[in-house]
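Survey of secondary and tertiary structure
Listed here are the chains, written in short residue letters.
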Amino acid sequence: MSEFLQHLLNTLILGGTYALLGIGLTLIFGIMNVVNFTHGALYTVGAYVMYLAVTALGLGFFAALPTAILGGLLLGAILDLALLRPLRGADMDTTMLVMIGAGIVLQSGTLWLFGGVAKSIPTPFPEAPLQLGPVSVSWLRLFVLGAALALIGVTYWLINRTRLGLAMRATFQDHDTASLMGVNVRLIYTATFAIGSSLAAAAGALLGPVYVVFPQMGGMAELKAFAIVILGGLGNITGAAIGGFILALAEELGAGYISSGYRDAMGFLIIIAVLIFKPTGLFAKAERIG
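Now for a description of the structure that goes with this document. For every chain, the first residue of its written sequence is number 1, and the numbers climb from 1 along that sequence. Where totals are concerned, whole chains, interfaces and linings use all residues; where local detail is concerned, this predicted model gives features only for residues with pLDDT of at least 70, and gives and counts side-chain atom pairs only at 80 or more. The basis for the side-chain values is all heavy atoms of the structure; hydrogens and waters are excluded.

**Focus: the overall build of the protein chain**
Put simply, the test is: In DSSP terms, a helix is any run of H or I states spanning at least four residues, a strand is any run of E spanning at least two, and both are numbered starting from the N terminus. A 1.4 Å probe rolled over the protein chains alone gives each residue an accessible area, and that area as a share of the maximum for its type sets the label: buried under 20%, exposed over 50%, partly exposed in between. The accessible surface values rely on the Shrake-Rupley method and a 1.4 Å probe; as for residues, cover is taken only from the protein chains in view. When charges are counted, Lys and Arg are positive and Asp and Glu negative, with His and the chain ends excluded. Throughout, a charge is located at the NZ atom of Lys, the CZ atom of Arg, the CG atom of Asp or the CD atom of Glu.
A tally of helices and strands in the protein chain yields 11 helices and 2 strands. Along the protein chain, helices (α) and strands (β) appear in the sequence α-α-α-α-β-β-α-α-α-α-α-α-α when read from the amino end. Taken along its principal axes, the extent of the C-alpha atoms in the protein chain is 60 × 45 × 35 Å. For the protein chain, the residues scored as buried account for 49% of the 290 residues in total. If you sum the accessible surface of the protein chain, you get close to 13,200 Å²; carbon and sulfur atoms cover 69% of it. Computed over 13 positive and 12 negative side-chain charges, the separation of the two mean positions in the protein chain equals 8 Å.

This is the structure we're talking about:
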């Protein structure tokens, strides 16, 4: 029983960061109808900005996290302005090819700048874990869970309780009508891509200290983000959040009771089943966002 409880605790910690990945990806697709193939690279960039902020700039661990999120926000805005805005109105195939190319450039850039040797991010947390009855958890992982849940809450508040969120939802429903009502649609697209990118960078910044940072770390993260979006239904933010925790649960139980070598495979087996029996996703609605 204690082993099962430990897996559930690990699911919560991992699921929070997976939810950030999924929400960022589905937010961009739901409003912009863009499949963001730079999501994994932005996850990697977030981890490296966290590493640089702690080791090179000496900002401290807690100040480095918002720095990494801001870095993802700015890079996302630059990508939209430089690549997506000139392609607005182009077919999806063209946009996908451009985003795939941008993802390759970003990944190659991190390899060129930092080399292929994995980096570790120092943290201020004690090594001794916190004992919670029959289960234990490191202080770092507990911080990761709290930060991820806080960021998910801020994202929901932003979308559902602010004028920016209202403009984003209006743009999703009908961008032409939103434009006639005074919404700067081009600005909303840039803000949407920047926010989605910052969530990917936040996930990388949170998981970077838990594991290690290396240029190819975003590859599997991107695949998992797409898996989460498929689970929750394309464009469904609540579904993406829940899908992140479902994927984390599948990985934890698969690794704990079958084999750790099948950790990543378990989640994708679920994806195959969902695509066969409910292709629209477990939580798909008539609308994609809101």
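**Let's talk about helix α1 (residues 2-32)**
Our working definition: Here a helix's expected span is defined as the number of its residues, less one, multiplied by 1.5 Å. In this scheme, the bend at a residue equals the angle between the axes fitted to the seven residues that finish there and the seven that begin there.
With 31 residues, α1 should cover 45 Å at 1.5 Å per step; its first-to-last C-alpha distance of 45 Å lies within 8% of that length. The largest bend along α1 measures about 25° and falls at Gly-15. The element α1 is extensively covered by neighbouring structure, given that 25 of its 31 residues are classed as buried. Just past α1, the residue Asn-33 takes up positive phi, approximately 60°.

**Observations concerning the nonpolar core**
Rules: Only buried residues count toward a nonpolar core. Its members are Ala, Val, Leu, Ile, Met, Phe, Trp, Tyr and Cys residues joined through side-chain atoms within 4.5 Å. Contacts were defined at the residue level, with two residues in contact if any of their heavy atoms lie within 4.5 Å.
Counting 81 residues, the largest nonpolar core has Leu-20, Met-32, Met-50 and Leu-206 as the members making the most contacts within it. When residues of this core are assigned to their parent elements, the largest contribution, 13 residues, is made by α1. Here Leu-20 is in contact with Ala-148, Leu-151, Ile-152, Leu-199, Ala-202, Ala-203 and Leu-206, once residues within four sequence places are set aside.

**Remarks on the pattern of salt bridges**
Worth spelling out the cut-off: A pairing counts as a salt bridge when a side-chain nitrogen of Lys or Arg comes within 4 Å of a carboxyl oxygen of Asp or Glu.
All told, the structure shown has 2 salt bridges when counted by the stated rule. With its nearest N and O atoms 3.4 Å apart, the salt bridge here joins Arg-88 to Asp-80. Here Glu-251 makes a salt bridge to Lys-224, at a shortest N to O gap of 3.1 Å. Of this pair, Glu-251 sits in helix α10 (residues 237-257) while Lys-224 sits in helix α9 (residues 217-232); the two residues are 27 residues apart in sequence, bridging distant segments of the chain.

**Some thoughts on helix α5 (residues 139-161)**
In a regular helix each residue adds 1.5 Å, so 23 residues correspond to 33 Å; α5 covers 32 Å between its end C-alpha atoms and thus fits that length. Turning to α5, its buried residues are Leu-140, Val-144, Leu-145, Ala-147, Ala-148, Leu-151, Ile-152, Thr-155, Leu-158 and Ile-159.

**Concerning a nonpolar patch on the surface**
Counted only if it meets this: Within this analysis, patches are made of residues with over 30% relative accessible area and no salt bridge. Like charges are joined at 9 Å or less; nonpolar side chains (Val, Leu, Ile, Met, Phe, Trp, Tyr) at 5 Å or less.
Where nonpolar side chains cluster on the molecular surface, the patch consists of Phe-4, Leu-5, Leu-8, Leu-249, Tyr-257, Ile-258 and Tyr-262 and spans about 630 Å² of accessible area. The set of elements that each furnish at least two residues to the nonpolar patch consists of α1 and α10. By residue number, the principal contributor to the nonpolar patch is α1, which donates 3 residues. On the secondary structure map, Phe-4 appears in helix α1.

**Focus on the packing of α9 against helix α11 (residues 263-277)**
Threshold: Under this scheme, a helix contributes an axis fitted over its contacting stretch, all axes are lines through C-alpha atoms, and angles between N-to-C directions fall in the 0 to 180 degree range. Throughout, a crossing is termed right-handed when the near helix is turned clockwise from the far one, and left-handed when it is turned anticlockwise from it by less than a right angle. In this count, Pro and Cys sit with the nonpolar residues alongside Ala, Val, Leu, Ile, Met, Phe, Trp and Tyr, while Asp, Glu, Lys and Arg are called charged and the others, Gly among them, polar.
Orientation of α9 relative to α11, taken along the N-to-C sense of each, is 35°, at an axis distance of 10 Å. For the pair α9 and α11, the sense of crossing is left-handed. Residues Met-220, Leu-223, Lys-224, Ala-227, Ile-230 and Leu-231 of α9 form the contact with α11, whose participating residues are Asp-264, Phe-268, Ile-270, Ile-271, Val-274 and Leu-275. Across the contact of α9 with α11, the residue classes break down as 10 nonpolar, no polar and 2 charged.

**Concerning the side chain of Thr-17**
Note that Thr-17 resides in helix α1. When sequence neighbours within four positions are dropped, the list of residues in contact with Thr-17 reads Val-144, Ala-148, Ala-203, Leu-206 and Leu-207.

**What to know about the side chain of Thr-95**
You can see Thr-95 is positioned in helix α4 (residues 92-114). Here Thr-95 falls in the buried class, since its relative accessible area comes to 10%. Residue contacts for Thr-95: discarding those within four places in its chain leaves Val-34, Leu-84, Leu-87 and Ala-90.

**Some remarks on the packing of aromatic side chains**
Our working rule: Pairing of aromatic rings covers Phe, Tyr and the six-membered ring of Trp, with a centre-to-centre limit of 6.5 Å; geometry is then stacked below 30 degrees between planes, edge-to-face above 60, and tilted otherwise.
Under the definition given, this model contains 8 aromatic pairs. Judged by centre distance (5.7 Å) and plane angle (85°), the ring pair of Phe-61 and Phe-125 falls under edge-to-face. Of this pair, Phe-61 sits in helix α3 (residues 61-84) while Phe-125 sits in the loop between α4 and β1 (130-132); the two residues are 64 residues apart in sequence, bridging distant segments of the chain. Residue classification places Phe-61 among the buried residues on the basis of a relative accessible area of 7%. Note on Phe-125: relative accessible area 18%, which makes it buried. Aromatic ring contacts, followed pair by pair, group Phe-61, Phe-62, Phe-125 and Phe-143 into a single cluster.

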